[in-house]
Amino acid sequence: MSPTRQATEERIRPLETEPDPSAAAFFDVDNTMMVGASIFHFAKGLAARKFFSWRDLARFTARQLRLRLGGEHPDDLHTSRELALAFVAGKKVAEIVDLGEEIFDEEMSDKIWAGTHALARLHLDAGQRVWLVTATPVELATIIARRLELTGALGTVAESENGFYTGRLVGEVLHGEAKAAAVRSLAAREGLDLAHCSAYSDSINDLPMLSLVGRPVAVNPDSALRGEAKRRGWEIRDFRTGHKAARIGVPAALGLGAAAGGVAAGIAANRAHRRGTFNPAYSAARTTATRALRWRLGFR
């Protein structure tokens, strides 16, 4: 059952606030507002439309594994995101945006966490503005925000020239300190008091953004953020089942490793098949590879 339809395990408590024009809420997207990684859901939709191959996606997945196991250096993140943006290099911006609307309906709408969306609605009902703040491309983030009837979105900016994507970035990936800087800049433009604001994330990488606001909340947190939230006395909201939470929170890198390994096995089997050296294990290997990748990236 999709997260938007299932009953959440934790009852959503009303916000104990009065209308405050200087207050707002900032939500991370991947694994906070949505199951899995939004850019991979988007990539799956593009792959189905022959924009690139599953082999390309496997390479990107393997790079994400290296980043998880070896740490996230800013230069690696920049290169990794540019690899993702290379998928749309040379494509019309308007075309990709239109496809993003379709792909949201096909791949993302049923992966929104009902509990997190309800939290966002509580802020809106209290007269506060709500922004998504994410490393995913801003066009995709804006589509998600609009479909969820939120105020807007901050995201990574992909360069375009004459209406076509170049495959390069403008500025930094919206991650870590860069995400916090974007929130500070938005608060200054919108006249927000960050001490009156809230922020929600699943990842320890968003500690800079969470530390900015008066009300930081860990949502579906990874083990590092859960520990930090407990140490600091922050709220923790977990909308996963206990079994699923344990699986996601502890061995996330191993899960991604299984996906990358499965994809590699599938590619090897596919090569053997094309060479005419088919064996009965081909079909099973390919099925296992596909399932491993789909599960790790949130493809339900």
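Everything numeric here is computed off the predicted structure, so don't read it as measured data. Position numbers for residues count from 1 along each chain, tracking the sequence in the order it is written. Residues qualify for local features only when their pLDDT is at least 70, as the model is predicted, and side-chain atom pairs are given and counted only at 80 or more; totals for whole chains, interfaces and linings, by contrast, use all residues. Excluding hydrogens and water, the side-chain figures rest on all heavy atoms present in the structure.

(A) Structural context of the overall build of the protein. Secondary structure elements are taken from DSSP: a helix is a run of H or I of four residues or more, a strand is a run of E of two residues or more, and numbering for both begins at the N terminus. A count of helices and strands for the protein gives 12 helices and seven strands. For every residue, the accessible area (1.4 Å probe, protein chains only) is compared with the maximum for its type, and the residue is labelled buried under 20%, exposed over 50%, or partly exposed between those bounds. Within the protein, the fraction of its 300 residues that count as buried is 49%. Accessible surface, the protein: about 14,000 Å² in total, of which carbon and sulfur atoms supply 53%. What sets the accessible areas is the Shrake-Rupley method with a 1.4 Å probe; for residues, cover comes only from the shown protein chains.

(B) Region of the structure containing the nonpolar core. Phe27, Met33, Leu46, Met108, Leu132, Ile144 and Leu150 are the most contacted members of the largest nonpolar core, which has 39 residues in total. Only β1 (24-27), α1 (38-48), α4 (93-108), α5 (114-125), β2 (129-137), α6 (138-147), β3 (152-161) and β6 (215-219) provide two or more residues apiece to this core. Ranked by residue count, the leading element in this core is α4, at six residues. For this analysis, a nonpolar core means a set of buried residues of the types Ala, Val, Leu, Ile, Met, Phe, Trp, Tyr and Cys, connected via side-chain atoms within 4.5 Å. By size, the runner-up hydrophobic cluster in this structure holds 22 residues, among which are Val133, Ala187, Val213 and Ala218.

(C) Geometry of the packing of α1 against α4. At a closest axis distance of 9 Å, the pairing of α1 and α4 adopts a crossing angle of 105°. Comparing the axis directions of α1 and α4 gives the class roughly perpendicular. Where α1 abuts α4, its residues Ser38, His41, Phe42, Lys44, Gly45 and Leu46 lie against Ile96, Leu99, Gly100, Ile103, Glu107 and Met108. Residue classes in the contact of α1 with α4 are distributed as six nonpolar, four polar and two charged. Each axis is a line fitted through C-alpha atoms, and for a helix only the stretch in contact is used; angles between axes span 0 to 180 degrees, taken between their N-to-C directions. Roughly parallel covers angles under 35 degrees, roughly antiparallel covers those over 145, roughly perpendicular covers 65 to 115, and oblique covers all other angles. Contact between two residues is taken to exist if any of their heavy atoms lie within 4.5 Å; hydrogens are not considered. Gly is put with the polar residues, along with every residue not named as nonpolar or charged; the nonpolar set is Ala, Val, Leu, Ile, Met, Phe, Trp, Tyr, Cys and Pro, and the charged set is Asp, Glu, Lys and Arg.

(D) Highlighting the packing of α4 against α6. Two elements in contact, α4 and α6, have axes whose closest approach is 10 Å; the angle formed by their N-to-C orientations is 55°. As judged from the angle between their axes, α4 and α6 are oblique. Note on packing geometry: the crossing formed by α4 with α6 is right-handed. Of α6, the residues touching α4 (which contributes Val97, Gly100, Glu101, Phe104, Asp105 and Met108) are Glu139, Leu140, Ile143, Ile144, Arg146 and Arg147. Crossing chirality is assigned from the near helix's rotation relative to the far helix, an anticlockwise turn below a right angle marking it left-handed and a clockwise turn marking it right-handed.

(E) Structural context of the pairing of β2. Burial runs high along β2: eight of the nine residues are buried. Between any two strands, pairing holds if DSSP finds at least two bridges. Alignment of β1 against β2, held across four bridges, turns out to be parallel. Paired with alanine 25 across the strands is valine 130, a residue of β2. Direction of pairing for β2 relative to β3: parallel, over a ladder of four bridges. Following the sheet pairing, valine 133 is matched in β3 by leucine 154. Look down the strands so they point away from you; if going from the first strand over the helix to the second traces a clockwise path, that crossover is right-handed. Considered for its hand, the β-α-β crossover made up of β2, α6 and β3 is right-handed.

(F) Spatial organisation of the packing of aromatic side chains. Aromatic pairing here means that ring centres of Phe, Tyr or Trp (its six-membered ring) are within 6.5 Å. Orientation follows from the plane angle: under 30 degrees is stacked, over 60 is edge-to-face, and everything else is tilted. Within the structure shown, the criterion is met by two aromatic pairs. For the ring pair phenylalanine 26 and tryptophan 131, a centre distance of 6.2 Å and an interplane angle of 20° mean the geometry is stacked. Here tryptophan 131 lies in strand β2 and phenylalanine 26 lies in strand β1, a separation of 105 residues in the sequence. Overall, the relative accessible area of 7% leaves tryptophan 131 in the buried class. Their ring planes at 5° and their centres at 4.1 Å tell us that phenylalanine 27 and tyrosine 200 sit as a pair that is stacked.

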